[in-house]
Amino acid sequence: MQFKNTREFAQKLDQQDILRTYRDQFIFPKVNGEQVIYFTGNSLGLQPKSAQKYVDEVMNDWAELAVEGHFYAKKPWWDYHERLAQPLSKIVGAKPSEITVMNTLTVNLHLLMVSFYRPQGKRYKIICEEKAFPSDQYMLQSQVRFHGYDPKDAIVEIKKREGEHNFRIEDILATIQEVGEECALLLIGGVNYYTGQVFDMKTITKAGHDVGAFVGWDLAHGAGNIKLKLHEWDVDFASWCSYKYMNSGPGNASGCYVHERFHNQKDIPRFEGWWGTSRETRFLMKPEFEPMPNADAWQLSNAPILAMAPYLASLELFDEVGMDALIEKRNLIVSYLEFVLKEIDAEVESTFEIITPSSPEERGTQLSVFLHGEGRKLFEYLMKKGVITDWREPNVIRLAPAPFYCSFEDMYQFGQILKQGILEKANQLSN
Ligand SMILES: *Cc1c(COP(=O)(O)O)cnc(C)c1O
């Protein structure tokens, strides 16, 4: 499609957008009395209007039923979390039995590593990507130290090449080959939080298995953003947060995936609690742990229902729309944003550099833009004008036009504000 950087053209794309009505189902903050242009759905997704109703339902049931709500609430609390598995399984490409929702992301990855990081003999190393999300780095370091190893030796980082922004698949595969039978676990962020690069999870998972390692993925930036086929790719385990593309609210509960070949194993190393025991006998309070026959066996505590409620509200929207429609719009709106950025870059002779891969297979919703010579002042200008982006050192803004609620006109309008900001800044400098 031949794009144009005009309001009319952007409006035409909006008219043709089959998801356009969903914008109204989310609540946008306002700056200067106007709805913002929201680019940070990769950090905290907007609130679906339906979330309030789901939370109110729990609050009302709690007020009216108190403890009886566990069994007699409109959506009983004792198995409330099980409602999330079906819609989530479609989003991440798994069987419902392979999904559970609990705790938060870093906690879950630690818990899953109890099962999937079991260093033994010469097989004790973990492969991850260089400059992984900080929480993942702390997590991996503390895990290897916990097992008595030195992180400098036991953690092997896949490197980018000098002067390049993204990882090359051949380098990833070479690292896996090199570590070979010393590799106990491969754990990578499936979509890089900084650049937005999407990893070839199918190929990498197979390569990890070929050297005898377990393979897990941190899908904080993957869930609700890209097409995932965790079961088909034979991934061992994965976890994600729900507050980024999944729009379920700040710090909210995390989803987990555990491949079905690990279900029904009584002897698998695992930290256990009563919500992981068989639902049939859970309340008999027996001393012996009988695992749920699915991913729920990794559950520990009774579920935080007030957190599950907005997650469920959001999942119903995903279920209605489906990932395919979201991804189709995502590809178009991200391409349009890329086009607008390049147009503005040429018009004002600026020097942005989009460090996200340009091929649709290797990127999702996010474009990370390196602002050579521009910088933090421009970011602050955008925020003041109601364009919500985020700033990453040394000089990068990340733009994620979430297909659920961002419009093509937002992209056009953003371009105009960006251009104005650059021109004003240039004027200030010359005065
Ligand atoms: C956002 C993000 C996290 C956040 O972890 P929490 O435990 O939810 O605070 C972890 N890993 C990655 C890759 C992320 O992008």
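Preceding block: the structure.
All of these numbers come straight from a predicted model, not from anything done at the bench.

Q: Looking at this structure, I do not really get the environment of Val-156. What am I missing?
A: With respect to the helices and strands, Val-156 occurs in strand 8 (residues 155–158). When its relative accessible area of 19% is taken as the criterion, Val-156 is described as buried. Sequence separation of Val-156 and Ile-354 is 198 residues, and the distance between their C-alpha atoms is 28 Å. Contacts of Val-156, omitting those with residues within four sequence positions, involve Lys-125, Ile-126, Ile-127, Cys-128, Thr-175 and Val-179.

Q: Explanation requested: empty space enclosed by the protein in the structure shown.
A: A probe as big as a water molecule, rolled over the atoms, marks out the empty space that is left. Within this structure, the stated rule accounts for one cavity of 30 Å³ or more. Quantified by volume, the largest cavity comes out at close to 40 Å³. Along its surface, the largest cavity is lined by Gly-224, Tyr-245, Asn-247, Phe-318, Leu-326, Ala-402, Pro-403, Phe-404 and Tyr-405. Its residues placed into classes, the lining of the largest cavity shows seven nonpolar, two polar and no charged.

Q: Even after reading the chapter, I still don't get the site of the ligand, so can you show me in this structure?
A: The environment of the ligand is made up of Leu-105, Thr-106, Phe-133, Asp-136, Asp-218, Ala-220, His-221, Tyr-243 and Lys-244. At a separation of 2.8 Å, a nitrogen atom of the ligand approaches a polar side-chain atom of Asp-218. Within the side chain of Lys-244, a nitrogen or oxygen atom sits 2.6 Å from an oxygen atom of the ligand. With the chains in place, 84% of the 390 Å² that the ligand exposes on its own is no longer accessible. In the shell around the ligand, the residues fall into four nonpolar, two polar and three charged.

Q: What is the right way to read the sheet that holds strand 13 (residues 352–354) from this model?
A: Each strand in a sheet pairs with its neighbour through backbone hydrogen bonds, running either in the same direction (parallel) or in the opposite one (antiparallel). If you walk across this open sheet you meet the four strands as 13-14-17-16, and the pairing is antiparallel. Only two strands of the sheet have a single neighbouring strand rather than two, namely strand 13 and strand 16 (390–392). With direction set aside, neighbouring strand axes in the sheet form an average angle of 30 degrees. Relative to strand 17 (residues 396–399), strand 16 runs antiparallel, the two being bridged by three bridges.

Q: I'm lost on the packing of aromatic side chains in this one. Help?
A: Aromatic ring pairs are reported here in terms of the distance separating the ring centres and the angle at which the planes meet. This structure, assessed with the given rule, holds 28 aromatic pairs. With centroids separated by 6.2 Å and ring planes inclined at 70 degrees, the aromatic side chains of Tyr-193 and Tyr-194 adopt a geometry described as edge-to-face. Here Tyr-193 and Tyr-194 have matching classes, each one buried. Geometrically, the ring pair formed by Tyr-336 and Phe-408 is tilted, given 6.2 Å between the ring centres and 55 degrees between the ring planes. One end of the pair, Tyr-336, is in helix 11 (residues 323–347); the other, Phe-408, is in helix 13 (residues 408–430), with 72 residues separating them in the sequence. One exposure class covers both Tyr-336 and Phe-408, and it is buried. By the ring-pair criterion, three or more aromatic residues cluster together here, those being Tyr-22, Phe-26, Phe-28, Tyr-38, Phe-318, Phe-404 and Tyr-405. Over the face of the ring belonging to Tyr-80 we find Arg-83, whose NZ or CZ atom lies 5.9 Å from the ring centre. Over the aromatic face of Trp-298 sits the side chain of Arg-270, whose NZ or CZ is 4.5 Å from the ring centroid.

Q: Is there a simple way to explain the pattern of salt bridges in this structure?
A: Close approach of charged atoms allows side chains of opposite charge to pair. Counted according to the given criterion, the structure contains 27 salt bridges. For Lys-342, the salt bridge is made with Glu-338, and the minimal N-O distance between the two is 3.9 Å. Taken together, the residues Lys-342 and Glu-338, both in helix 11 and four residues apart, mark about one turn of the helix. With relative accessibility at 12%, the residue Glu-338 sits in the buried group. Arg-376 serves as the salt-bridge partner of Glu-380, at 3.3 Å between the closest nitrogen and oxygen. Of this pair, Glu-380 and Arg-376 both sit in helix 12 (residues 376–384), four residues apart, roughly one helical turn. Looking at Glu-380, the relative accessible area reads 36%, which means it is partly exposed. Several salt bridges converge on common partners, so that one network encompasses Asp-79, Glu-82 and Arg-279.

Thresholds applied
Residues numbered from 1 in each chain as written. Predicted model: local features only at pLDDT ≥ 70, side-chain atom pairs only at ≥ 80, totals over all residues. Heavy atoms only, no water. Helix = DSSP H or I, 4+ residues; strand = E, 2+ residues; numbered from the N terminus. Buried < 20%, exposed > 50% of the residue type's maximum accessible area, 1.4 Å probe, protein only. Contact = heavy atoms within 4.5 Å. 1 Å grid on protein atoms, 1.4 Å probe; cavity = no way out; pocket = protein on both sides within 12 Å on 5 of 7 lines; lining within 4 Å. Points joined across faces, edges and corners; volume = space filled by probe spheres on them. Nonpolar A, V, L, I, M, F, W, Y, C, P; charged D, E, K, R; others polar. Near = heavy atom within 4 Å. Polar contact = N/O pair within 3.5 Å; in protein donor to acceptor, adjacent residues only side chain to side chain. Areas by Shrake-Rupley, 256 points an atom, 1.4 Å probe, with all protein chains shown as cover. Pairing = 2+ DSSP bridges. Axes fitted to C-alpha atoms, helices over the stretch in contact; angles between N-to-C directions. Phe/Tyr/Trp six-rings, centres within 6.5 Å; stacked < 30°, edge-to-face > 60°. Lys NZ or Arg CZ within 6 Å of the ring centre and 35° of its normal. Salt bridge = Lys/Arg side-chain N within 4 Å of Asp/Glu carboxyl O.

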